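# Coordinate inspection notes
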Amino acid sequence: MIRVIYGKKGSGKTKRMLAMANDLGARADGSIAFIDVDKDYMYDLDRSIRFIDASEYSIFGADMFLGFIKGIAAQDFDLQYLFVDGLLKLLPEKLFDIGWLFSALETFSEKNGLSIILSVSGSECIPDFLKPYIIGEDADAIG
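Quick summary incoming for the structure in this document. (Residues numbered from 1 in each chain as written. Predicted model: local features only at pLDDT ≥ 70, side-chain atom pairs only at ≥ 80, totals over all residues. Heavy atoms only, no water.)

### A look at the nonpolar core
Residues Ile35, Phe65 and Phe102 are the most contacted members of the largest nonpolar core, which totals 34 residues. Those elements giving two or more residues to this core turn out to be strand E1 (2–7), strand E2 (31–36), helix H2 (62–75), strand E4 (79–84), helix H3 (87–90), helix H4 (99–112) and strand E5 (115–121). Ranked by residue count, the leading element in this core is H2, at 7 residues. The contact partners of Ile35, leaving out residues within four places of it in the chain, are Ile52, Ala54, Phe68, Ile69, Ile72, Leu82, Phe83, Val84, Asp85 and Leu90. In this structure, Leu24, Ile32, Leu45 and Ile135 belong to the second largest nonpolar core, which totals 15 residues. (Core = buried A, V, L, I, M, F, W, Y, C linked by side-chain atoms within 4.5 Å. Buried < 20%, exposed > 50% of the residue type's maximum accessible area, 1.4 Å probe, protein only. Helix = DSSP H or I, 4+ residues; strand = E, 2+ residues; numbered from the N terminus. Contact = heavy atoms within 4.5 Å.)

Written out as structure tokens, the structure is:
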């Protein structure tokens, strides 16, 4: 399953993701990883959550990002939840050009029993391919 927290820059997406990850950290059966583009929020996460600074891995596009996610999952067979904060900060592509990525992540997550939660910044215009993945204010939508 993949879920997306979508909203304008500064709308609290990261705070919400941190709270969700920390809440799940206390009750998840498997492991949790949190990917960000820098180390700003590393100390806001429960120490049981693996923090990954994606800027250290030279991700140059959506296809490389997909491979990166698959590599993380291959390394940790107990991975249950994967949070990705600021997806569009990691990728050079525009949101409307990466619909295939969400489909590929959905297929991969279902095959591997992995929940992937992404934050995506954007305006009011939400691409149709993204709408099924967007979750509301209820953090239990992923638990």
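From this point, the discussion proceeds with the structure in view.
### Some remarks on the side chain of Glu106
Tracing the chain through its elements places Glu106 in helix H4. Arg3 provides the closest opposite charge to the buried, salt-bridge-free Glu106, at an N-O distance of 5.1 Å. Once residues within four sequence positions are removed from consideration, Glu106 is found in contact with Met1, Ile2 and Tyr133. (Lys, Arg positive; Asp, Glu negative; His and termini not counted. Salt bridge = Lys/Arg side-chain N within 4 Å of Asp/Glu carboxyl O.)

### Some words on the sheet that holds E5
Ordered in space as E1-E5-E4-E2-E3, the 5 strands form an open sheet in which the pairing is parallel. Looking along the sheet, the strands with just one partner apiece sit at the ends: E1 and strand E3 (50–53). Strand-to-strand, the axes of this sheet are offset by a mean angle of 15 degrees, without reference to chain direction. In terms of strand pairing, E2 meets E3 through 4 bridges, oriented parallel. Pairing of Asp36 across the sheet is with Asp53, part of E3. (Pairing = 2+ DSSP bridges. Axes fitted to C-alpha atoms, helices over the stretch in contact; angles between N-to-C directions.)

### Considering H2
Here H2 is 14 residues long and its end C-alpha atoms lie 20 Å apart, about the 20 Å a rise of 1.5 Å per residue gives. Within the span of H2, buried status applies to Ala62, Phe65, Leu66, Phe68, Ile69, Ile72 and Ala73. Taken end-on, H2 shows its buried residues confined to a sector of 160 degrees, consistent with a single buried face. Along H2, exposed side chains directed more than 90 degrees from the buried face belong to Asp63 and Gln75. (Expected span 1.5 Å × (residues − 1). Arc of directions from axis to C-beta.)

### A word on the pattern of salt bridges
Evaluation of the coordinates by the stated rule reveals 2 salt bridges. In this structure, the salt-bridge partner of Asp128 is Lys131, at a minimum N-O distance of 3.1 Å.

### Overview of H4
Here H4 contains 14 residues, and its C-alpha end-to-end distance of 20 Å stays within 8% of the 20 Å for a straight helix at 1.5 Å per residue. By the burial criterion, the buried members of H4 are Leu101, Phe102, Leu105, Glu106, Phe108 and Ser109. On the buried face of H4, the contacting elements are E1, H2, H3 and E5. Gly113 occupies a position one or two residues after H4 and carries a positive phi of about 60 degrees.

### Some thoughts on the packing of aromatic side chains
Enumeration according to the criterion identifies 5 aromatic pairs in this entry. Measuring from centroid to centroid gives 5.6 Å for Phe102 and Phe129, while their planes differ by 40 degrees, and the two rings are tilted. Of this pair, Phe102 sits in helix H4 while Phe129 sits in the segment after E5, and the two are 27 residues apart along the sequence. The class for Phe129 is partly exposed, based on a relative accessible area of 25%. Geometrically, the ring pair formed by Phe102 and Tyr133 is stacked, given 6.3 Å between the ring centres and 20 degrees between the ring planes. Here Phe102, found in helix H4, pairs with Tyr133, found in the segment after E5; they are 31 residues apart in sequence, far enough to count as distant. (Phe/Tyr/Trp six-rings, centres within 6.5 Å; stacked < 30°, edge-to-face > 60°.)

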